[in-house]
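Here are the chains, one letter per residue:
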Amino acid sequence: MANVTLRGLRKSFDDTDVIKGVDLEIEDGAFCVLVGPSGCGKSTLLRMIAGLEDITAGELAIGGEVVNDVAPADRGVSMVFQSYALYPHMTVYENMAFGLKLAKTEKDTVEQRVREVAEILQLGDLLDRKPKALSGGQRQRVAIGRAIVRDPRVFLFDEPLSNLDAALRVQMRLEISRLHRRLGTTMIHVTHDQVEAMTLADKIVVLNGGVIEQAGSPRELYDTPANTFVAGFIGSPAMNLLPARIEGGAVVLDDASQPTRIEGIGKSDAGDGPVILGIRPEHFDLVEDGAGGGIGFDVEVVEDLGDTCVLHGVLAGAPQATVRVPAEIALPSRGDRLTVVPGTRRCHLFDRDTGQRM
Amino acid sequence: MARSGTRGIGPAIARLGFWLLVAGLLVILLFPFYYAVVTSFKSGSGIFEVDYLPSELSVANYTSIFAEQPFARNILNSLGVSLAVVGISLFLGLTAALALGRFRFKGRRWMLLAVLGVSMFPQVAVLSGMFELIRVLGLFNSPGGLILSYLIFTLPFTVWVLTSFIRDLPVEVEEAAIMDGAGPWTLLTRIFLPMMWPAMVTTGLLAFIVAWNEFLFALTFTLSNDQRTVPVAIALITGGSEFEVPWGRIMAASVIVTVPLIALVLVFQRRIVSGLTAGAVKG
């Protein structure tokens, strides 16, 4: 077990900078999730920690020891790949034992370790099978088993759940979470799925364009996103980000064809000027028509999820917006006009130019 | 009734035609070999009588090729040369394929094209140059000269097939092995080799057939009877006088050298098919 420290980590392929200076401290035993859109550098960052990519500049320390030039196998890390990457010509047992054998571990110890791990992952009956005779979920577990057997200081997961179907994904997510609690080892998990990130992580690191946009607990990221990127990325459906301006202590939507004055948002005393107003779909309240402070919302698409209902439509005549309402109410249909009130204490204001939280 | 009748007859005719075609092809392909077998068991002037069924079973032709000339020695030569060619081709091909298929370096594409380009020259075009080379290296009239010259046919396709095969192997498996602590040699022998088994069998067998059957170089680069390989030895079997072509012995020798090839192909036929297509389609 070990903490992982990244100091000014950079990576360039030829002339392209992929990772542009990343500083990050992952505490011992933490479950850290790197999340971001495709091409944000999250997998590259993970592969740098694994040792599969060279580090162009900066310092990587595992357990306080700088490992920039240490071979992958000697870093005390093990990795679960997206495609599982099982050795197709070896049985489940041989797959798991391969690393230990290469490390010249005694035969009895290998046997004992593999059986132990197989027990944890319920692979006991499959040890003599080849990977092609396993289902997707079983292969996934073998890949995880192969990583556990080596008793690493840090686990790396590279989008391990993306090849599974939805039901299995939820189940494996739970298993990984349990495994983390049982082993207590530091885990770094890469995903593009923000739900996966929210459910698994102690600490989420949101990456975009090779830099960290924000790092923090899931709750921090949800409640106080540092900028419009994180605001739009965390949460489903995504937060509404509406161009607006501050006028005399209240927020007024741009492009609105109807009067909108939203009073009482924190920081709206910052002085007049353009801003971005962020409101999560679930933070709108439905009110009676004509109630004070209400904003008109024309429904265009209704997505009934059973527990809640997601409405896509036009807010105050101009900007596209999403509203999520409890499904207990009489469901609106296409073309209806509703009156909604944003929960002012849960609104976010961002600087129009920099996108940073105000 | 009439309609269902035509529906039954149409496909039946098509199937009959298909099997007739298959039968025709089989006759064209197999009859010469069959006739060679039948002929090889005849003796004396019986050879010149046309028999479609074996009429006699004399092994005189088989014994005489071993008794009157060093045919056993020729077979050993062929076997040694072919196996050496297969071994060297596979080793060089595999290591080259690993470099060409897995590492990015400058000129990789040109190197691949050059390898392919070598195989485009007709044998006659390289014959004199090859002769000089072999003479300079002191390999004339020795198996070494043949092995060296056969590599110019076998290496291009070995390298190409293995390169395209290795390129289609998933990179993540290799990376998983690196994470497990495998060095380059372990990677090659414990991860790549087992996964490449079908491609190795295919290319190895094709290389063997090429080397086993080659005639022109074998004729040019050997001089003495006991250095010759089988195809040359067969061509140079002579009869009692210059007016007699010893068909019986030629046929017996041909059968002896063809049977091992047929056996090899039959044993490995599944592997060959999977190896030939393996490079083309992923999975």
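The structure we're discussing is the one just above.
Criteria and cut-off values
- Residues numbered from 1 in each chain as written.
- Chains lettered and ligands numbered in written order.
- Predicted model: local features only at pLDDT ≥ 70, side-chain atom pairs only at ≥ 80, totals over all residues.
- Helix = DSSP H or I, 4+ residues; strand = E, 2+ residues; numbered from the N terminus.
- Rg over C-alpha atoms; globule rule 2.2 N^0.38 Å.
- Buried ≥ 20, exposed ≤ 12 C-beta atoms within 10 Å, placed from the backbone.
- Contact = placed C-beta atoms within 7 Å.
- Pairing = 2+ DSSP bridges.
- Axes fitted to C-alpha atoms, helices over the stretch in contact; angles between N-to-C directions.
- Core = buried A, V, L, I, M, F, W, Y, C linked by C-beta atoms within 7 Å.
- Nonpolar A, V, L, I, M, F, W, Y, C, P; charged D, E, K, R; others polar.
- Left-handed = near helix turned anticlockwise from the far one by under 90°.

Student: Can you tell me about the overall build of chain B, naming the residues and giving the values?
Tutor: Within chain B, the regular secondary structure consists of eleven helices and zero strands. Going from N to C terminus, chain B has its helices and strands arranged as α-α-α-α-α-α-α-α-α-α-α. Its C-alpha atoms give chain B a radius of gyration of 24 Å, more than 25% over the compact-globule value 19 Å for 283 residues. With the principal axes as the frame, chain B shows a C-alpha extent of 80 × 70 × 35 Å. Burial analysis of chain B (283 residues in total) assigns 29% to the buried set. Sequence-distant contacts, at least 24 apart, represent 75% of the contacts inside chain B between residues at least 6 apart.

Student: How would you sum up the overall build of chain A? Please name residues and give values.
Tutor: What chain A contains, in helices and strands, is eight helices and 19 strands. Taken over the C-alpha atoms alone, chain A extends approximately 80 × 45 × 35 Å along its principal axes. In chain A, buried positions account for 40% of the 358 residues. Long-range pairs, those at least 24 residues apart, make up 66% of the contacts in chain A between residues at least 6 apart in sequence.

Student: Lay out the sheet that holds strand β12 (residues 250-253) of chain A with the relevant residues and their values.
Tutor: Residue and element names in this part refer to chain A. With respect to topology, four strands assemble into an open sheet ordered β12-β11-β13-β19, the strand pairing being antiparallel. The open sheet has two free edges, formed respectively by β12 and β19 (348-351), since each of these has just one partner strand. On average, each strand axis in the sheet is inclined to that of its neighbour by 45°, with strand direction left out of account. With four bridges connecting them, strand β13 (residues 273-279) and β19 associate as antiparallel partners. By the bridge assignment, Ile 276 is partnered in β19 with Phe 350.

Student: Explain unusual backbone geometry to me, using residue names and the numbers behind them.
Tutor: Residue and element names in this part refer to chain A. Residues Ser 236 and Pro 237 are joined by a peptide bond in cis, for which omega reads -5°. By the element assignment, Pro 237 lies in the loop between α8 (228-233) and β11 (240-247). The phi dihedral of Ala 85 falls on the positive side, at around 50°, and the residue is not glycine. Relative to the helices and strands, Ala 85 resides in the loop between β6 (77-80) and α2 (92-102).

Student: Pulling in residues and values, what's your account of the environment of Gln 269 of chain B?
Tutor: Along the chain, Gln 269 of chain B turns up in helix α11 (residues 247-278). Separated by 90 residues in the primary sequence, Gln 269 of chain B and Met 179 of chain B place their C-alpha atoms 36 Å from one another.

Student: I'd like a description of the sheet that holds strand β2 (residues 16-26) of chain A, backed by residues and values.
Tutor: All names here are of chain A. A sheet is described by the order of its strands in space; here four strands give the open sequence β2-β1-β4-β5, paired in antiparallel fashion. Since the sheet does not close on itself, it has two edges, and those belong to β2 and β5 (65-66), each with one partner. Pairing of strand β1 (residues 4-13) with β2 involves eight bridges; the strand directions are antiparallel. Paired with Val 4 across the strands is Ile 26, a residue of β2.

Student: Tell me what's going on with the pairing of β6 of chain A, and back it up with residues and numbers.
Tutor: All names here are of chain A. Where burial is concerned, the two faces of β6 agree: the one with Val 77 and Met 79 and the one with Ser 78 and Val 80 are both buried. With four bridges joining them, β6 and strand β7 (residues 154-158) adopt parallel strand pairing. When the bridges of β7 are listed, Met 79 appears paired with Leu 156.

Student: Please set out the nonpolar core residue by residue, giving values where relevant.
Tutor: Formed by 146 residues in total, the largest nonpolar core has its most connected members in Val 33, Ile 49, Leu 156, Ile 188 and Val 205 of chain A. The leading source of residues in this core is helix α6 (residues 143-168) of chain B, at 13 residues.

Student: Which residues make up the interface of chain B and chain A, and what values do they have?
Tutor: The partner chain A presents 16 residues to the 14 residues of chain B that form the contact. Going through the elements one at a time, α7 (171-179) and α8 (184-213) of chain B are the ones with two or more residues in the side of chain B that touches chain A. In terms of residue count, the dominant contributor to the side of chain B that touches chain A is α7 of chain B (six residues). Residue composition of the side of chain B that touches chain A, by class: nine nonpolar, two polar and three charged.

Student: Quick rundown of the pairing of strand β3 (residues 31-35) of chain A? Include the residues and the values.
Tutor: Residue and element names in this part refer to chain A. With respect to burial, β3 is a largely interior element, five of its five residues being buried. Neither face of β3 is exposed, since Phe 31, Val 33 and Val 35 on one face and Cys 32 and Leu 34 on the opposite face are all buried. Alignment of β3 against strand β8 (residues 186-191), held across five bridges, turns out to be parallel. Along β8, the bridge assignment pairs Leu 34 with Val 190. Sheet topology note: the β3/strand β9 (residues 203-208) ladder contains four bridges and is parallel.

Student: Any chance you could break down the environment of Leu 113 of chain B for me, citing the residues and the numbers?
Tutor: When you line up the elements, Leu 113 of chain B lands in helix α4 (residues 108-118). Each C-alpha atom, one on Leu 113 of chain B and one on Trp 160 of chain B, is 9.6 Å from the other, the two residues being 47 residues apart in sequence.

Student: Give a description of the packing of helix α3 (residues 71-102) of chain B against α6 of chain B that names residues and reports values.
Tutor: All names here are of chain B. Orientation of α3 relative to α6, taken along the N-to-C sense of each, is 35°, at an axis distance of 6 Å. Crossing hand, α3 versus α6: right-handed. The residue inventory of the contact of α3 with α6, partitioned by class, reads 20 nonpolar, eight polar and two charged.

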